[in-house]
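Overview (structure and organization)
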Amino acid sequence: MSAPELTKILPPDTELSRPFWEGCRNQQLLMQQCKDCDRFQFYPRIVCSHCEGEQLSWQPVSGQGSVASFTIVRRGISKAYEAPYIVALVDLKEGPRMMTTVVGCDPESVAVGDTVEVQFEPWGSDLVLPVFSKR
Ligand SMILES: [Zn+2]
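Note that this is a predicted model, so its numbers are computed, not measured.

As for the pattern of salt bridges
A full pass over the atoms with the stated rule returns 5 salt bridges. One salt bridge in this structure joins Arg 25 and Asp 126, with 3.7 Å as the shortest N-O distance. With a gap of 101 residues between them, Arg 25 in helix α1 (residues 18-25) and Asp 126 in the loop between β8 (115-123) and β9 (127-134) connect regions that are remote in the sequence.

This is how it looks when you write it as structure tokens:
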């Protein structure tokens, strides 16, 4: 018996995260911003992770950031995850740190501190993911 083919893993569709994914579909990176302390946060939460403020609004961010850390995955878990690829932590200019990937370059060329900017790639039939490319 062979293992079942793993398809692309999709994030759960929740009311809280829906504006983020809708932004990605519109080629726009949106983050929650706190009206009390003005700071941004990611991932989406019901209160501010900095001050526990409850007045959060979705705002576009620059999509500019830098690679804080990364690893190169050299063995994909299925055909849906073609290796090699990068799993990276990117620090956005606005503050939040995102787990993402860096695309459009040789994975061996990526380094901590590289400046990157967001782009958007389809993932599955209805989802668009924010990914990053080197500038
Ligand atoms: Zn706050």
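That was the structure; now back to the text.
Here's the deal with the coordination of the zinc ion
Distances from the zinc ion to its protein donors, namely Cys 34 (SG), Cys 37 (SG), Cys 48 (SG) and Cys 51 (SG), fall within the range 2.3 to 2.4 Å. Every donor counted, the 4 donor atoms about the zinc ion form angles of 102 to 118° at the centre, which fits tetrahedral coordination. Linear spacing of the donor residues for the zinc ion on their chain is C-x2-C-x10-C-x2-C. A residue pair is termed long-range when its members are at least 10 positions apart, and Cys 34 in strand β1 (residues 30-34) and Cys 51 in the loop between β2 (40-41) and β3 (56-60) qualify at 17 residues.

Quick word on the packing of aromatic side chains
If you walk through the whole model with that rule in mind, you get 4 aromatic pairs. For the pair Phe 20 and Trp 21, a centre-to-centre distance of 4.9 Å together with 80° between the ring planes defines the contact as edge-to-face. Here Phe 20 and Trp 21 have matching classes, each one buried. Pairing Tyr 81 with Tyr 85 gives two aromatic rings, centres 6.4 Å apart and planes at 45°, and the pair type is tilted.

Quick notes on the sheet that holds strand β4 (residues 64-73)
If you walk across this open sheet you meet the 6 strands as β6-β5-β4-β8-β9-β7, and the pairing is mixed. If you trace the sheet from one side to the other, it starts and ends with β6 (97-100) and β7 (102-103), each paired once. As judged from the 4 bridges shared by strand β5 (residues 85-92) and β6, these two strands associate in the antiparallel manner. When the bridges of β6 are listed, Asp 91 appears paired with Arg 97. Of the strands in this sheet, β6, β8 and β9 touch α1, which is tilted by about 65° from β9.

Thresholds, definitions, all that
- Residues numbered from 1 in each chain as written.
- Predicted model: local features only at pLDDT ≥ 70, side-chain atom pairs only at ≥ 80, totals over all residues.
- Heavy atoms only, no water.
- Salt bridge = Lys/Arg side-chain N within 4 Å of Asp/Glu carboxyl O.
- Helix = DSSP H or I, 4+ residues; strand = E, 2+ residues; numbered from the N terminus.
- Donors = N, O, S within 2.8 Å, 3.2 Å for Na, K, Ca; no water.
- Tetrahedral: all angles 85-135°; square planar, octahedral: opposite > 155°, others 65-115°.
- Phe/Tyr/Trp six-rings, centres within 6.5 Å; stacked < 30°, edge-to-face > 60°.
- Buried < 20%, exposed > 50% of the residue type's maximum accessible area, 1.4 Å probe, protein only.
- Pairing = 2+ DSSP bridges.
- Contact = heavy atoms within 4.5 Å.
- Axes fitted to C-alpha atoms, helices over the stretch in contact; angles between N-to-C directions.

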